[in-house]
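Architecture at a glance
Residues per chain are reported as follows:
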Amino acid sequence: MQSSGHRFRDVEHHPLLTENDNYDSSSSSSSSEPDTADRVWFIRDGCGMACAIMTWLLVVYADFVVTFVMLLPSKDFWYTLINGVIFNCLAVLALSSHLRTMLTDPGAVPKGNATKEYMESLQLKPGEVIYKCPKCCCIKPERAHHCSICKRCIRKMDHHCPWVNNCVGEKNQRFFVLFTMYIALSSVHALILCGLQFISCVRGQWTECSDFSPPITVILLIFLCLEGLLFFTFTAVMFGTQIHSICNDETEIERLKSEKPTWERRLRWEGMKSVFGGPPSLLWMNPFVGFRFRRLQSRTRRGGAEFSV
C-alpha cells in the first residue's frame with residue numbers, strides 16, 4: 001500500500017493492528033530505544049509536573065494536620081493509633097498509586113514505525129487500509145489516539161490528566177482508578193476527623209484540643225476541610241466515570257466523540273478483569289502489584305517528551 005492511501009485521523013480501524021498487538025520495532029527508527037519494560041516513563045511537562053508536586057504537597061499537608069494537630073494531642077491512645085494507622089495507610093496507597101500512574105507507560109505506540117519496510121512486512125491485502133499518525137509517524141492500532149502533550153499515540157487513551165502528569169491509557173488505568181479511590185477515602189476520613197475535632201475543641205473551649213494556638217488550629221482545620229471537600233468531589237466523580245467507562249469498555253474520548261464501537265466489547269466484570277487483571281481479589285486494591293525496580297539508563301532523545309531513568 002502506498003502512503004497516499006493512508007488516512008490521517010485520530011480513530012483508526014485495522015484488523016491486523018489491534019490493541020493487544022506488538023510492533024516489530026526492528027524495522028523502525030525506534031529500534032535503538034530500550035524496551036519500555038526496562039525504563040521509567042516520565043513526561044517533561046511543566047504544568048503536569050507542577051500539578052503532580054502540588055498533589056503530593058496537599059496530601060502531605062493533610063497528613064501533617066491529621067497527625068500533629070488532631071491525633072497526637074488526643075488523650076485517647078486507641079483513637080490516635082487506629083485513626084493514625086488508617087489515614088497514613090490510605091495516604092501511602094494514594095501516593096503509591098499516583099507514582100505508578102505517573103511513571104507507567106500508558107500504552108505508547110512506538111514512534112516512527114510507519115516506514116516503507118514495515119508496511120511491506122505487513123503483507124496487506126488489496127484494498128486493505130491502515131492508518132498512520134502524521135504527528136509521530138506511527139502505524140496506529142485500533143482505539144489509539146494521539147496526545148499532544150505526551151507527543152505519542154496512546155492505546156485506549158482515556159484522557160490526559162495533569163494531576164498525574166501522564167495520559168490514562170491501556171497500561172496505567174488501574175493505577176489511576178486506585179489513586180482516585182484512595183484519595184476519596186482519605187478525604188472522607190479527614191473530613192470525619194475534622195468534624196470530631198471541632199466538636200472536641202468547642203466542648204473543651206479550645207484549651208486542650210491541640211498543641212497549637214486556637215487561631216492556628218482553626219485555620220489549619222478549615223483549610224483541611226476545604227481541601228477534603230474539593231479532593232473528595234473531584235476524585236469521587238473521576239472514580240465513578242472511570243468505573244463506568246471500564247464496565248462499558250468505552251474510553252472518555254470515544255464517549256465524547258460518540259464513536260461507534262468496531263471492537264468486541266468487554267462489559268462489566270469482563271471489562272474490570274481486563275483492566276485490573278484476573279478474577280476479583282484483594283490484589284485489585286494493591287498498587288504495588290507488578291512493581292519492580294527499573295535499571296538506571298542514560299540516553300539522549302531529540303524532541304521526545306519522555307526520558308529514561
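Values in this document were obtained by computation on a predicted structure and should not be read as measured data. (Residues numbered from 1 in each chain as written. Predicted model: local features only at pLDDT ≥ 70, side-chain atom pairs only at ≥ 80, totals over all residues. Heavy atoms only, no water.)

The next point concerns the pattern of salt bridges. Going through the model one piece at a time under the given rule, you end up with four salt bridges. As a salt-bridge pair, Asp-249 and Lys-156 come within 3.8 Å of each other at their nearest N and O atoms. Here the residue Asp-249 occupies a position in the loop between α5 (214-247) and α6 (252-256), and Lys-156 occupies one in the loop between β4 (152-155) and β5 (159-161), the gap between them amounting to 93 residues. No difference in accessibility class separates Asp-249 from Lys-156, as the two residues are buried. Among the salt bridges present, the one from Arg-255 reaches Glu-252, with a minimum N-O distance of 2.4 Å. Of the two residues, Arg-255 and Glu-252 are both situated in helix α6; the distance of three residues between them amounts to about one turn of the helix. Salt bridges sharing common partners tie together Arg-143, Lys-156 and Asp-249. (Salt bridge = Lys/Arg side-chain N within 4 Å of Asp/Glu carboxyl O. Helix = DSSP H or I, 4+ residues; strand = E, 2+ residues; numbered from the N terminus. Buried < 20%, exposed > 50% of the residue type's maximum accessible area, 1.4 Å probe, protein only.)

Turning our eyes to something else, we now look at the environment of Leu-230. Examined against the element boundaries, Leu-230 turns out to sit in helix α5. Counting along the chain gives 43 residues from Leu-230 to Ser-187, while the straight-line C-alpha distance between them is 8.8 Å.

This chain's UniProt record puts "transmembrane region" (unreviewed entry) on residues 49-71, 77-95, 175-199 and 219-239. Along residues 219-239, the helical share is 100% and the strand share 0%, with 30 Å between the first and last C-alpha atoms. (UniProt positions renumbered as here; feature names shortened; annotations may be inferred.)

Before going further, it helps to spend a moment on the packing of aromatic side chains. Per the stated rule, a full pass over the model turns up six aromatic pairs. Plain terms: the ring middles of Tyr-61 and Phe-223 are 5.1 Å apart, the flat faces sit at 85° to each other, and that makes the pair edge-to-face. Pair noted here: Tyr-61 is in helix α1 (residues 46-71) and Phe-223 is in helix α5, with a separation of 162 residues, a long-range link. Given a relative accessible area of 42%, Phe-223 falls into the partly exposed group. Pairing Phe-77 with Trp-78 gives two aromatic rings, centres 5.2 Å apart and planes at 75°, and the pair type is edge-to-face. Here Phe-77 and Trp-78 have matching classes, each one exposed. Ring pairs connect the aromatic residues Phe-64, Phe-68 and Phe-212, which therefore count as one cluster. (Phe/Tyr/Trp six-rings, centres within 6.5 Å; stacked < 30°, edge-to-face > 60°.)

Relative to the helices and strands, Val-69 is located in helix α1. On the basis of relative accessibility, which here comes to 0%, the residue Val-69 falls in the buried class. Along the backbone, Val-69 and Asp-211 are 142 residues apart, and their C-alpha atoms lie at a distance of 6.8 Å. For Val-69, the residues in contact, after removing those within four places along its chain, are Phe-64, Gln-197, Cys-209, Ser-210, Phe-212, Thr-217, Leu-220 and Leu-221. (Contact = heavy atoms within 4.5 Å.)

On to empty space enclosed by the protein. With the rule as written, the count across this model stands at one cavity of 30 Å³ or more. Space inside the largest cavity adds up to approximately 110 Å³. Taken together, the elements giving at least two residues each to the lining of the largest cavity come down to α1, α2 (77-103), α4 (173-203) and α5. (1 Å grid on protein atoms, 1.4 Å probe; cavity = no way out; pocket = protein on both sides within 12 Å on 5 of 7 lines; lining within 4 Å. Points joined across faces, edges and corners; volume = space filled by probe spheres on them.)

Right, let's talk about the packing of α1 against α5 for a bit. Between α1 and α5, the shortest axis-to-axis distance is 10 Å and the interhelical angle comes to 135°. Taken together, the axis directions place α1 and α5 in an arrangement best described as oblique. Crossing of α1 over α5 shows left-handed handedness. Here Leu-58, Val-59, Tyr-61, Ala-62, Val-65, Val-66, Val-69 and Met-70 of α1 lie close against α5, whose contacting residues are Thr-217, Leu-220, Leu-221, Phe-223, Leu-224, Glu-227 and Phe-231. Residue composition of the contact of α1 with α5, grouped by class: 13 nonpolar, one polar and one charged. (Axes fitted to C-alpha atoms, helices over the stretch in contact; angles between N-to-C directions. Parallel < 35°, antiparallel > 145°, perpendicular 65-115°, else oblique. Left-handed = near helix turned anticlockwise from the far one by under 90°. Nonpolar A, V, L, I, M, F, W, Y, C, P; charged D, E, K, R; others polar.)

Let us now look at the packing of α4 against α5. Contact pair α4 / α5: the axes reach a minimum separation of 7 Å and the direction vectors enclose 150°. As for the relative orientation of α4 and α5, their crossing is left-handed in sense. Per-class residue counts for the contact of α4 with α5 are 22 nonpolar, seven polar and no charged.

The backbone of Cys-137 shows a phi angle near 55°, a positive value even though the residue is not glycine. Position of Cys-137 among the secondary structure elements: in the loop between β1 (132-133) and β2 (138-139). Notably, Lys-151 is not glycine yet its phi reads approximately 60°, a positive angle. When you line up the elements, Lys-151 lands in the loop between β3 (144-147) and β4.

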